[in-house]
Amino acid sequence: MHSLSDRLSLIMSFIPKGVSVCDVGTDHGYLPAALYLSGGFLSITATDISHSPIENAKKNFNKLGIKDVNLICSDGLRGVAKQDAEYTVIAGMGGDVISGIIDRCSYKNEIKFILQPMTAAKTLREYLAKNGFSIEKETAVKENNKLYSVMLCSFSGSPYSLSMGEKYIGAIKPDSEVNIQYIKKQYNICKKCADSLVNVKEKAAEYKAYKDACTQIAEFLEGHNGV
Ligand SMILES: C[S@@+](CC[C@H](N)C(=O)[O-])C[C@H]1O[C@@H](n2cnc3c(N)ncnc32)[C@H](O)[C@@H]1O
């Protein structure tokens, strides 16, 4: 068995035993294979929009003697029944692609999502807030020296607004070294954007938004003794 990366291990730790799991955009199929081998899930389904990842996943499953993972070639959750997707993982894609996959799912308001954007986490958080999905838990993880966020989300029915700082750090708390690193990285991104706009008259509003984000993130870290 290919050992799971810290990123996929963290994602797996967000899934309770006894539920049905769907891994959207499975690629190699490492996550569903690990779930299957650890046992205790109601059903495991994996989808991918392309044929070649599906074939790769099939080969990996065959090597491991795994027969009970349902593999489907489809866009997002198309072709997956709601009862097979109680916990749906969408990982390793851009935040905009993830938002689109959630948006096209007819039963999105009735399941839990575990989301891990590779890029554009801010875009994903904006989509979730606008559409009434709350982030129940969010944790950072490092892979190949890059920091990512993993979020557990579900529909609450109440859209909410996010400050600029919250768009960058989401629900991540400075309660571990890697979380603090993530928050500081987001601070530095906002600072770099603010610095680059400081003398650009027509971008005054954008400059202020990034400055505000820096202030909010710094205050948040100070409030948690995380500086
Ligand atoms: C970089 S891989 C991520 C693999 C795995 N989820 C992970 O996190 O390690 C992204 C995969 O998502 C698939 N994908 C992209 N858009 C998709 C969609 N709309 N529906 C299903 N799969 C999609 C791609 O074909 C690719 O195999």
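Residues numbered from 1 in each chain as written. Predicted model: local features only at pLDDT ≥ 70, side-chain atom pairs only at ≥ 80, totals over all residues.

J.: An account of the overall build of the chain is needed here, citing residue identities and associated values.
T.: Each helix and strand in the chain was counted, giving eight helices and seven strands. The globule rule puts the C-alpha radius of gyration for 227 residues at 17 Å, and the 19 Å found for the chain is close to it. Each of the three principal axes of the chain carries a C-alpha extent, and together these read 60 × 35 × 30 Å. Counting across all 227 residues of the chain, residues that qualify as buried make up 38%. Long-range contacts, defined here as pairs at least 24 residues apart, represent 64% of the contacts in the chain between residues at least 6 apart. (Helix = DSSP H or I, 4+ residues; strand = E, 2+ residues; numbered from the N terminus. Rg over C-alpha atoms; globule rule 2.2 N^0.38 Å. Buried ≥ 20, exposed ≤ 12 C-beta atoms within 10 Å, placed from the backbone. Contact = placed C-beta atoms within 7 Å.)

J.: Would you mind going over the nonpolar core in detail, with residue names and values included?
T.: Counting 57 residues, the largest nonpolar core has Ile11, Val21, Val89, Ile90, Ile114, Leu115 and Ile217 as the members making the most contacts within it. Counting contributing residues per domain, this core is built from domain 1 (6-162) and domain 2 (177-223), each supplying no fewer than three. Residues within four places of Leu115 in sequence aside, it is in contact with Ile90, Ile98, Leu124, Met151 and Cys153. (Core = buried A, V, L, I, M, F, W, Y, C linked by C-beta atoms within 7 Å. Domains from an automatic or database assignment.)

J.: Hey, could you go over the pairing of strand E2 (residues 43-48) for me, with residue numbers and the actual values?
T.: For a regular strand, side-chain orientation follows a simple rule: the groups alternate between the two sheet faces. Counting buried residues in E2 gives five out of six residues, a clear majority hidden from the surface. Of the strand pairs in this sheet, strand E1 (residues 20-24) and E2 are connected by five bridges, and their pairing is parallel. Bridged to Asp23 within E2 is Ala46. The pairing of E2 with strand E3 (residues 69-73) spans five bridges and is classified as parallel. Looking across to E3, one finds that Thr47 is bridged to Ile72. At this point the chain moves from E2, through helix H3 (residues 51-63), to the parallel E3, and the crossover so formed is right-handed. (Pairing = 2+ DSSP bridges. Right-handed = clockwise from strand over helix to strand, strands pointing away.)

J.: Summarise the environment of Val89; cite the residues concerned and give the values.
T.: You can see Val89 is positioned in strand E4 (residues 87-94). Taking the C-beta count within 10 Å as the criterion, Val89 has 27 such neighbours and is therefore assigned buried. Sequence spacing of Val89 and Asp23 is 66 residues, and the spatial spacing of their C-alpha atoms is 4.8 Å. Those residues in contact with Val89 that sit more than four places away from it in its chain are Ile11, Val21, Asp23, Val24, Leu31 and Ile114.

J.: Please give an account of the packing of helix H1 (residues 6-13) against helix H2 (residues 30-38) that cites residues and values.
T.: Two elements in contact, H1 and H2, have axes whose closest approach is 10 Å; the angle formed by their N-to-C orientations is 50°. Taken together, the axes of H1 and H2 are oblique relative to one another. H2 is crossed by H1, and the crossing has right-handed handedness. For the pair H1 and H2, contact is made by Leu8, Ile11 and Met12 and by Tyr30, Leu31, Ala34 and Leu35, respectively. Looking at the contact of H1 with H2, its residues break down into seven nonpolar, no polar and no charged. (Axes fitted to C-alpha atoms, helices over the stretch in contact; angles between N-to-C directions. Parallel < 35°, antiparallel > 145°, perpendicular 65-115°, else oblique. Left-handed = near helix turned anticlockwise from the far one by under 90°. Nonpolar A, V, L, I, M, F, W, Y, C, P; charged D, E, K, R; others polar.)

J.: Report on the site of the ligand, specifying residues and quantitative values.
T.: In the neighbourhood of the ligand, 16 residues make up the surrounding shell, with Gly25, Asp27, Ile49, Ala91 and Gly92 lying closest. Among the elements that make up the shell around the ligand, the one with the highest residue count is E4 (three residues). When its residues are assigned to classes, the shell around the ligand shows seven nonpolar, six polar and three charged. (Near = placed C-beta within 6 Å.)

J.: Break down the sheet that holds strand E7 (residues 146-155) for me, citing the residues and quoting the values.
T.: Spatially, the seven strands line up as an open sheet ordered E3-E2-E1-E4-E5-E7-E6, and their pairing is mixed. Every other strand in the sheet has two partners, leaving E3 and strand E6 (133-143) as the edge strands with one partner each. Across the sheet, the mean angle separating the axes of adjacent strands is 20° when strand polarity is ignored. Strand direction decides the pairing type here: E4 and strand E5 (residues 112-119), joined by seven bridges, are parallel. Opposite Tyr87, over in E5, you have Lys112 as the bridge partner. Here H3 sits on the sheet in contact with E2 and E3, set at roughly 165° to E3. Seen against the sheet, helix H5 (residues 121-130) touches E5, E6 and E7 and runs at an angle of roughly 150° to E5.

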